[in-house]
Amino acid sequence: MTDMELYIEKYSHLQVSNADEMTAIYRSLQIDYPKFHKMDNLSKLGFLASEQIFKDLNGRYKGGDNLTLAGFNSSSSLDADAHFQATIDSADNYFPSPSIFVYTLPNVVLGEIAIRNCLFGETIFYICARFDARFIIATVRQILQHDGADAVLAGWIEYGKSAKEALMLLINKDKGSLPLSENILTDFINNNK
């Protein structure tokens, strides 16, 4: 089977220094979604990037199972893991926090996006040693060739010590003016386009 052409219909690239910047972006987008404030940092970052994608789609994917969500990063949910560990470290103040524990899986960010947008398609999250454009493209291609999805919302969502960024892409087979390629993805990450 030959490789099908894939296109980026929309994309969002956010880089932040801390959680306060994400709150500022949330307010600037004029989003009314109080659950945002309860999310962990990884979920907030992915959520904001997805909001920039979905804001002009007029609910095209809502209520359907034709959009697959695919997430990628290198630090998993380490930021939430560290916060959760802090709730159980002290013998004198031992209280495991269920509200933090729920975020100790990186795929929760995709769940938050799916809930917000009433998406019922498949979700998958990969932990990679580093950003790998080739792997991301191969994964998206596999989904679109074999899983029956019309489009994939793919995101490199990293909230770790070395990077706090989200590159979110709406990718499909026939809509979009920007062809999907390793060079384009690498340029997005390296140049913050």
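None of the values given here were measured: they were computed from a predicted structure.

### A few points about the sheet that holds strand β6 (residues 178–179)
Turning to step 1, where the next piece is worked out: The mixed open sheet is built from 6 strands, whose spatial order is β3-β2-β4-β5-β1-β6. Each having just a single partner strand, β3 (123–127) and β6 make up the two edges of the open sheet.
Turning to step 2, where the next piece is worked out: Pairing geometry for strand β4 (residues 151–159) and strand β5 (residues 164–172), over 9 bridges, is antiparallel. Among the inter-strand pairings, G155 is bridged to a residue of β5, identified as M168.

### Remarks on the environment of S76
Turning to step 1, where the next piece is worked out: With respect to the secondary-structure elements, S76 resides in the loop between β2 (67–73) and α3 (78–89).
Turning to step 2, where the next piece is worked out: Classification of S76 by relative accessible area gives partly exposed; the value is 22%.
Turning to step 3, where the next piece is worked out: Taking C-alpha positions, S76 is 12 Å from K164, a pair spaced 88 residues apart along the chain.
Turning to step 4, where the next piece is worked out: Contact partners of S76, with chain neighbours within four places excluded, come to L42, P106 and I127.

### Considerations on the packing of helix α2 (residues 41–54) against helix α5 (residues 108–117)
Turning to step 1, where the next piece is worked out: Between α2 and α5, whose axes approach to 9 Å, the crossing angle comes to 40 degrees. When the axis of α2 is compared with that of α5, the two are oblique. Classified by chirality, the crossing of α5 by α2 is right-handed. Each of L42, S43, G46, F47, S50, E51 and F54 in α2 lies in contact with α5, whose residues at this interface are V108, V109, E112, I113, R116 and N117.
Turning to step 2, where the next piece is worked out: Its residues placed into classes, the contact of α2 with α5 shows 6 nonpolar, 4 polar and 3 charged.

The rules we used
Residues numbered from 1 in each chain as written. Predicted model: local features only at pLDDT ≥ 70, side-chain atom pairs only at ≥ 80, totals over all residues. Heavy atoms only, no water. Pairing = 2+ DSSP bridges. Helix = DSSP H or I, 4+ residues; strand = E, 2+ residues; numbered from the N terminus. Buried < 20%, exposed > 50% of the residue type's maximum accessible area, 1.4 Å probe, protein only. Contact = heavy atoms within 4.5 Å. Axes fitted to C-alpha atoms, helices over the stretch in contact; angles between N-to-C directions. Parallel < 35°, antiparallel > 145°, perpendicular 65-115°, else oblique. Left-handed = near helix turned anticlockwise from the far one by under 90°. Nonpolar A, V, L, I, M, F, W, Y, C, P; charged D, E, K, R; others polar.

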